[in-house]
Amino acid sequence: MPNNVSFPNSQYSVTFPRNFVWGAATAAYQIEGAWLADGKGESIWDRFSHMDGTIANGDTGDVACDHYNRMESDVALMKELGLKAYRFSISWPRIFPEGFGSVNLAGLDFYNRLVDKLLEANIQPFVTLYHWDLPQKLQEIGGWTNREVTSHFADYAAVITKHLGDRVSNWITINEPWVVANYGYKSGEMAPGIKDEKLSLQVAHHLLVAHGKATQALRSDNSSAQVGISHFLRPTAPASRDPRDVEAARSTWSRDGRWFLDPIFKAYYPPDIWNEYGTRAPRVKPRDMSLISQNLDFLGVNYYTRNVMSREGQVLKVPGSKYTEMGWEVTPDALQKLLLDISKEYKLPPIYITENGAAFEDQLTEAGECEDEDRLSYIRDHLLHTRIAMEQGVDVRGYFLWSLMDNFEWAYGFSKRFGIVHVDFKTQKRTIKKSGHWYSNVIRNFGFPTEKQVMDKIAMAGSDRTERK
Ligand code: FCB
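Remember, it's a predicted structure, so these values are computed and weren't measured experimentally.

## Examining the overall build of the protein
For the protein, the count of helices and strands is 16 helices and 14 strands. A globule of 469 residues ought to have a C-alpha radius of gyration of about 23 Å, and the protein, at 21 Å, matches this closely. Each principal axis of the C-alpha atoms in the protein carries an extent, and together these give about 60 × 55 × 45 Å. Considering the protein as a whole, with its 469 residues, one finds that 60% of them fall into the buried category. Contacts spanning at least 24 positions in sequence make up 77% of the contacts within the protein whose residues lie at least 6 apart.

Pasting the structure below:
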């Protein structure tokens, strides 16, 4: 395998702690395929992607990266990359085809084997219980609008920990409740495709309740379980200093960020937004807030970009800024600021960046290589700003690249590539991109070479911290 990224003997390097967790992430529906194999039930994403006009180019996750059948060679690839950790999600309908009731042992067996293979390769599993593929049978009783689903989720969590808890210690209950509520139930651009703001607020609350119940279930079976949640955090910046722009940025962050962080770390919803929602605010039962705000072992931060807001509440393009294929501004310094801001605002447990990465249009060269310089710089700059935030006192324990390999990017289908490994969806051939080779070297070297100016920046961040203390 060609490895055209070797680090020069640089005088300076950005170094990370020896025990920093270097990982990559995926999600079941985006990579597994095998949508009906071995007794798996239908998920809301199977149903949604089979409907006309929902996904770019009519793509579906029926086959995706065929990871279900290629798991062993994919783990070998992770080992070759030198990953220390792998974040994957479990498909709930593989385990409970009906959503609850009888367990499908063949489904469990797949994840059992995956965990064993990872451990054999010295790769720590980080398991996400819910990355959006609800069993369709549960949608038929209202999906996340129905509070009963939160108990089914806890039962599912209990079964998973009973079977994998002897080998898995790190758990993420739910991936990005904001996205599920907003794209699944408000804009309807994602499964299950519902457009109802009031319902979406109830869904958001139920997702947090489900997180709380699953946290209890995971811990009751295994006292050493490390439990976290992954939040989609997209900070906002005002378009100008005009108070109206400032207010638009503040209120957007309050609805998208604080609404999901306050309940967990402060045990209440932001009162200003609660009042603004009025009759649309969710029904909350007496014990809910203590359930939601149980201590966590870590917070998962999924960061891609920031939003620059106008007073009309519109997201503005910033002239001169670089944008990814998703149309997302490349803003690594906003990640650093986000990490600092939330660490000041909340009493946080350690943080893992559970997703960060970029889609760019990748072409294989005639020699079959992928020179994805844009992605490489994106990752390097985000790692650098993470490292500076650490120097400023933020406790970041690890970093998971989104994504290990190109995959089914939800409503965009296969049109957006986020992988550090290129996938040819016709042949299923995997090719490590330049960014992948680079990342691999970062892992092996505990960091990457840099220039003197960057070192000065880091040193300055460190002295800032000393002064603040
Ligand atoms: C996140 C999702 C992940 C992937 C990336 C690009 O919001 O969690 O599955 O789609 O965005």
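## A closer look at the packing of aromatic side chains
Taken as a whole, this structure holds 44 aromatic pairs when the rule is applied. On the basis of an interplanar angle of 55 degrees and a centroid distance of 5.3 Å, the ring pair of Y304 and W328 is categorised as tilted. In this pair, Y304 is assigned in the loop between β8 (298-302) and β9 (307-309) and W328 in the loop between β9 and α13 (332-345), connecting sequence segments 24 residues apart. The same class applies to Y304 and to W328, which are both buried. Arranged with centres 6.2 Å apart and planes meeting at 50 degrees, the rings of W328 and F418 form a pair that is tilted.

## Overview of the site of the ligand
Within the structure, the ligand sits among Q30, H131, W132, N175, E176, Y304, E355, W402, E409, W410 and F418. Within the side chain of E355, an N or O atom sits 2.9 Å from an oxygen atom of the ligand. W410 places a polar side-chain atom, nitrogen or oxygen, 2.9 Å from an oxygen atom of the ligand. In isolation the ligand has 290 Å² of accessible area, and contact with the protein removes 96% of it. Split into classes, the residues belonging to the shell around the ligand amount to five nonpolar, three polar and three charged.

## Quick word on the pattern of salt bridges
Counted by the stated rule, this structure contains 38 salt bridges. We note a salt bridge from D74 to R430, for which the minimum N-O separation is 3.0 Å. You can see D74 sitting in helix α3 (residues 67-81) and its partner R430 sitting in strand β13 (residues 429-432), a full 356 residues away along the chain. Using a relative accessible area of 2% as the deciding quantity, one classes D74 as buried. You can call R430 buried: its relative accessible area is 17%. Between D242 and R311 there is a salt bridge whose closest N-O contact spans 3.6 Å. You can see D242 sitting in the loop between β7 (236-238) and α10 (243-266) and its partner R311 sitting in the loop between β9 and α13, a full 69 residues away along the chain. Judged by its relative accessible area of 36%, R311 is partly exposed. What emerges from the salt-bridge pattern is a single network uniting D362, D372, R375, D406, R417 and K433.

Parameters at a glance
Residues numbered from 1 in each chain as written. Predicted model: local features only at pLDDT ≥ 70, side-chain atom pairs only at ≥ 80, totals over all residues. Heavy atoms only, no water. Helix = DSSP H or I, 4+ residues; strand = E, 2+ residues; numbered from the N terminus. Rg over C-alpha atoms; globule rule 2.2 N^0.38 Å. Buried < 20%, exposed > 50% of the residue type's maximum accessible area, 1.4 Å probe, protein only. Contact = heavy atoms within 4.5 Å. Phe/Tyr/Trp six-rings, centres within 6.5 Å; stacked < 30°, edge-to-face > 60°. Near = heavy atom within 4 Å. Polar contact = N/O pair within 3.5 Å; in protein donor to acceptor, adjacent residues only side chain to side chain. Areas by Shrake-Rupley, 256 points an atom, 1.4 Å probe, with all protein chains shown as cover. Nonpolar A, V, L, I, M, F, W, Y, C, P; charged D, E, K, R; others polar. Salt bridge = Lys/Arg side-chain N within 4 Å of Asp/Glu carboxyl O.

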